[in-house]
Protein chains: 2
Amino acid sequence: MTIHLAVDAGGTSTRCVVVDESGGCLGYGRAASGNPISAGAALAARSVAEAAETALRQAHAAAGSTAADVGSVLLAMAGASALSGTELFAAGLAPLGVRARFAFAPDLLATFCSGTWRPDGYALVAGTGATAVRVEGGEVARTADGLGWLLGDDGSGFWVGHRVARAVAADLDRRGPRTALTAALLAELGLRDDGALHQGRPAVLQRLIELLYAGRPVELSRFAQLAFAAAGDAVADGIVRDAADALLHALEAVADPAVMGPVVLGGGTLVRHEALVARIAAPEVHRVEDGAVGAAVIALQQASVTVDESVFARIVRTLSALR
Amino acid sequence: MTIHLAVDAGGTSTRCVVVDESGGCLGYGRAASGNPISAGAALAARSVAEAAETALRQAHAAAGSTAADVGSVLLAMAGASALSGTELFAAGLAPLGVRARFAFAPDLLATFCSGTWRPDGYALVAGTGATAVRVEGGEVARTADGLGWLLGDDGSGFWVGHRVARAVAADLDRRGPRTALTAALLAELGLRDDGALHQGRPAVLQRLIELLYAGRPVELSRFAQLAFAAAGDAVADGIVRDAADALLHALEAVADPAVMGPVVLGGGTLVRHEALVARIAAPEVHRVEDGAVGAAVIALQQASVTVDESVFARIVRTLSALR
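Note that the structure is a prediction, hence the values are computed from the model and not measured. (Residues numbered from 1 in each chain as written. Chains lettered and ligands numbered in written order. Predicted model: local features only at pLDDT ≥ 70, side-chain atom pairs only at ≥ 80, totals over all residues. Heavy atoms only, no water.)

## Overview of the relation of the copies chain A and chain B
Piece 1. Once turned by 180 degrees and shifted 0.1 Å along the axis, chain A lies on chain B with an RMSD of 0.1 Å. Accordingly, the operation relating the two chain copies is best matched by a two-fold axis.
Piece 2. Taken as a fraction of all interface residues of chain A, those also at the interface in chain B reach 100%, which identifies the copy contact as same-surface. (Least-squares fit on C-alpha atoms with pLDDT ≥ 70 in both. Contact = heavy atoms within 4.5 Å.)

Right under this line is the structure:
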């Protein structure tokens, strides 16, 4: 029985699903980041191999499948097209006995296919970054944003966390309005405002600057949750509202009246936007946890298996039982 | 005759003035960045020594002054208080024969003192960064902003250049309004929009992303000039107007009705804001090129020389003749 390895390799973690051609998921494994761009080549190859090893072990116990049965490996990841080749991952999987053909798919397509078996529709993902895509005939036809923290990702976790940090800095600096975010952020960082001044500026602000510049800019994403937690505070509410506007704006930018279909929402930041879902004018809106189901869907499609409503439902159900 | 070395050590270049106790400037030298925070300790010490060597050579030719006549060295620089000591610069100047006491002053104070001999007033500086200070009795009493590109510097060169880059990215991404900044920025970078797509996104946008992420974020400052050059374009005008608002806001944040005095404007970005000066409600507004005059003023004050209107005028006149 032919099986396929479907890998959803994210910037934080990697998920590998062993799926058979009826849509039955036989094994599931998780590991660290499998994206060479964010994690580096060595860690990425190791993470994919580790997740695959766990998934294959489970599939062997459940159905007697072995690495020799693997017909293909599908890797869903951001920036997949920029990778020079499959050698990196093939070398990582060879020790497991996997010698199959490799294919890549955009991570956003895997997110979309995690929410629906239909070939047309939209996906909006907001984690650390933010991207919207229009999918037509199972392919990404149009992308909006996803330009990274410096040039875009409007409404993303970084975007929100960055605004939180700037609002707190402006508050402490007496340039911006008072906000509950200040106490929350200082508590998060273990800082205390004792009223002391340092060169005509609050000493706590100086400490905040030193701490935040010592990290990488994208780490400001971790403050996004403070904006949601401070609901009722005018500054926090303004940031959350602007983020929702920006995310919907990206979705509108990829919209085509001729392409009707479900909207699939993914990413850790989006889950927090309660009010946003109600603002999406689409017949079906689905939230998904990650791109694991979608990677399995794409792996089967590339193996010429038709993924209809019932095959899709089997993937969702059997994978859900494994994790 | 006692002379003093007054050094204005900026992030881009360093200026050293040899000044006598009547306010006569006898020598002037320039070199690369003398700020250890931005340039690193080795380059900073070398730059200060190089500028001092040129200035001392000129002072020797003009007035026979030597390194042995140097009574003090005044170093005006950003973040001076964070420096652990004077050893770094003392070691750099020792080979020249300079063995004098050292003192540091905030760069913003040097900017203020470059525009006026009065002890009270305000300075607003917008170069790559943006800071406003209130000066009372020759000391910085209150600082607003200057929090760096990630957390503040609202209205600065980086702030404007960053918005230019984001506006162009949004335009190419069809999320933002069309703007003349796009053609200007692409021309600046030698890029051409040939209409080709790359993964549902304009190929030229992909190239732009790769180019801009390859540099340091602060390098986006170089695009600030495009916003001023595109006057008449709605997007560019909006960015410039918001920047002016932010700069005036910082100035208002340090204002104290009890402290009347001149407003001194400095920094490369501020020079471009034609409309901003008219919006400053102060009896005197002065623009200055850098902090060289002010460093000389502070050096003399620290040597117990009273810098009144006529001494100040002599510093300005004699330094201007040297550069």
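So, next bit.
## Some thoughts on the packing of helix α11 (residues 292-302) of chain B against helix α12 (residues 309-322) of chain B
Residues and elements named next belong to chain B.
Piece 1. Close contact between α11 and α12 brings their axes to 10 Å; oriented N to C, the two are set at 135 degrees. Classified by the angle their axes make, α11 and α12 are oblique. Read as a crossing pair, α11 and α12 show a hand that is right-handed. Side by side, α11 and α12 meet where A292, V293, A296, V297 and L300 of the first sit next to V311, F312, I315, V316 and L319 of the second.
Piece 2. Looking at the contact of α11 with α12 residue by residue, the classes come out as 10 nonpolar, no polar and no charged. (Axes fitted to C-alpha atoms, helices over the stretch in contact; angles between N-to-C directions. Helix = DSSP H or I, 4+ residues; strand = E, 2+ residues; numbered from the N terminus. Parallel < 35°, antiparallel > 145°, perpendicular 65-115°, else oblique. Left-handed = near helix turned anticlockwise from the far one by under 90°. Nonpolar A, V, L, I, M, F, W, Y, C, P; charged D, E, K, R; others polar.)

## Observations regarding the side chain of B:T111
Residue and element names in this part refer to chain B.
Piece 1. Relative to the helices and strands, T111 is located in helix α4 (residues 107-115).
Piece 2. Using a relative accessible area of 9% as the deciding quantity, one classes T111 as buried.
Piece 3. Aside from chain neighbours lying at most four places away, what touches T111 is V125, V264, G266, V288 and G291. (Buried < 20%, exposed > 50% of the residue type's maximum accessible area, 1.4 Å probe, protein only.)

## Describing the interface of chain A and chain B
Piece 1. Across the contact, 36 residues belong to chain A and 36 residues belong to chain B.
Piece 2. Buried area between chain A and chain B, summed over both chains or domains, comes out near 3,500 Å², and the portion from carbon and sulfur atoms is 51%.
Piece 3. Three residues stand out in chain A for area buried against chain B, namely A:L150, A:L151 and A:R175, and they jointly supply 24% of the buried area on that side.
Piece 4. At the junction of chain A with chain B, the criterion picks out six salt bridges.
Piece 5. B:D154 is paired through a salt bridge with A:R175; the nearest N and O atoms lie 3.4 Å apart.
Piece 6. The tally of links from chain A across to chain B stands at 32 residue pairs in polar contact (both at pLDDT 80 or more). (Buried area = accessible area lost by both parts, 1.4 Å probe. Salt bridge = Lys/Arg side-chain N within 4 Å of Asp/Glu carboxyl O. Polar contact = N/O pair within 3.5 Å; in protein donor to acceptor, adjacent residues only side chain to side chain.)

## A short note on the pairing of strand β8 (residues 139-145) of chain B
Regular strands place their side chains on alternate faces of the sheet.
Residues and elements named next belong to chain B.
Piece 1. Pairing of strand β7 (residues 130-136) with β8, which is carried by six bridges, proceeds in the antiparallel orientation. Among the inter-strand pairings, T131 is bridged to a residue of β8, identified as D145.
Piece 2. Hairpin connection between β7 and β8: a loop of two residues separates the two successive antiparallel strands, and G137 in this loop has a positive phi of roughly 60 degrees. (Pairing = 2+ DSSP bridges.)

## Digging into the confidence of the model for chain A
Should pLDDT be low for a region, the predicted coordinates there are not to be read in detail.
Piece 1. Here chain A averages 93 in pLDDT, while 98% of its residues score no lower than 70.
Piece 2. Looking at the elements of chain A, mean pLDDT is at its lowest for helix α1 (residues 36-39) of chain A, recorded as 79, and at its highest for helix α11 (residues 292-302) of chain A, recorded as 98. (pLDDT = per-residue confidence, 0-100.)

## Details of the environment of A:D242
All names here are of chain A.
Piece 1. Looking at where D242 falls in the secondary structure, it is placed in helix α9 (residues 234-254).
Piece 2. Take D242: its relative accessible area is 39%, and that puts it in the partly exposed class.
Piece 3. Measuring from C-alpha to C-alpha, the distance between D242 and V160 comes to 8.9 Å, with 82 residues separating the pair along the chain.

## Topic: the packing of aromatic side chains
Piece 1. Evaluation of the coordinates by the stated rule reveals five aromatic pairs over all chains.
Piece 2. Taken together, a centroid distance of 5.6 Å and an interplanar angle of 65 degrees make the contact between A:W149 and A:F158 edge-to-face.
Piece 3. For A:F158, a relative accessible area of 3% puts it in the buried group.
Piece 4. Aromatic ring contacts, followed pair by pair, group A:W149, A:F158, B:W149 and B:F158 into a single cluster. (Phe/Tyr/Trp six-rings, centres within 6.5 Å; stacked < 30°, edge-to-face > 60°.)

## Quick word on the environment of A:S22
Residue and element names in this part refer to chain A.
Piece 1. As for its placement among the helices and strands, S22 is situated in the loop between β2 (13-20) and β3 (25-32).
Piece 2. Taking C-alpha positions, S22 is 8.9 Å from V307, a pair spaced 285 residues apart along the chain.
Piece 3. Each residue touching S22, except ones within four places of it in the same chain, is listed here: V311 and R314.
Piece 4. Among the polar contacts made by the side chain of S22, one reaches the side chain of D20 at a distance of 2.7 Å.

## A short note on the sheet that holds strand β5 (residues 101-106) of chain B
Residue and element names in this part refer to chain B.
Piece 1. Taken in spatial order, the five strands line up as β3-β2-β1-β4-β5 in an open sheet, and their pairing is mixed. Sheet topology places β3 (25-32) and β5 at the edges, where each strand pairs with a single neighbour. Neighbour-to-neighbour, the strand axes of the sheet open up by a mean angle of 20 degrees, direction not taken into account.
Piece 2. As judged from the six bridges shared by strand β4 (residues 70-77) and β5, these two strands associate in the parallel manner. For L74, the partnering residue across the bridge sits in β5 and is A103.

## Side note on the environment of A:V73
All names here are of chain A.
Piece 1. Mapping V73 onto the fold places it in strand β4 (residues 70-77).
Piece 2. Given a relative accessible area of 1%, V73 falls into the buried group.
Piece 3. What V73 contacts, discounting residues up to four positions off in sequence, is L5, L93, V98, A100, R101, F102 and A103.

## Comments concerning the pattern of salt bridges
Piece 1. If you walk through the whole model with that rule in mind, you get 26 salt bridges over all chains.
Piece 2. Between A:R15 and A:D290 there is a salt bridge; the shortest N-O distance is 3.5 Å. Of this pair, A:R15 sits in strand β2 while A:D290 sits in the loop between β12 (285-287) and α11; the two residues are 275 residues apart in sequence, bridging distant segments of the chain. Neither A:R15 nor A:D290 differs from the other in exposure class; each is buried.
Piece 3. Among the salt bridges present, the one from A:E219 reaches A:R216, with a minimum N-O distance of 3.6 Å.
Piece 4. Residue A:E219 is classed as partly exposed on the basis of its relative accessible area of 33%.
Piece 5. For A:R216, a relative accessible area of 55% corresponds to the exposed category.
Piece 6. Bridged by salt links that share partners, the residues A:D145, A:D154, B:R166, B:D173 and B:R175 form one connected network.

## Section: the side chain of A:D153
Piece 1. As for its position among the elements, A:D153 is in the loop between β8 (139-145) and α5 (157-172).
Piece 2. Although A:D153 is buried, it forms no salt bridge, and the closest oppositely charged side chain is B:R201 at an N-O distance of 7.1 Å.
Piece 3. Looking at A:D153, its side chain comes within polar contact range of the main-chain nitrogen of A:A130, at 3.2 Å. (Lys, Arg positive; Asp, Glu negative; His and termini not counted.)

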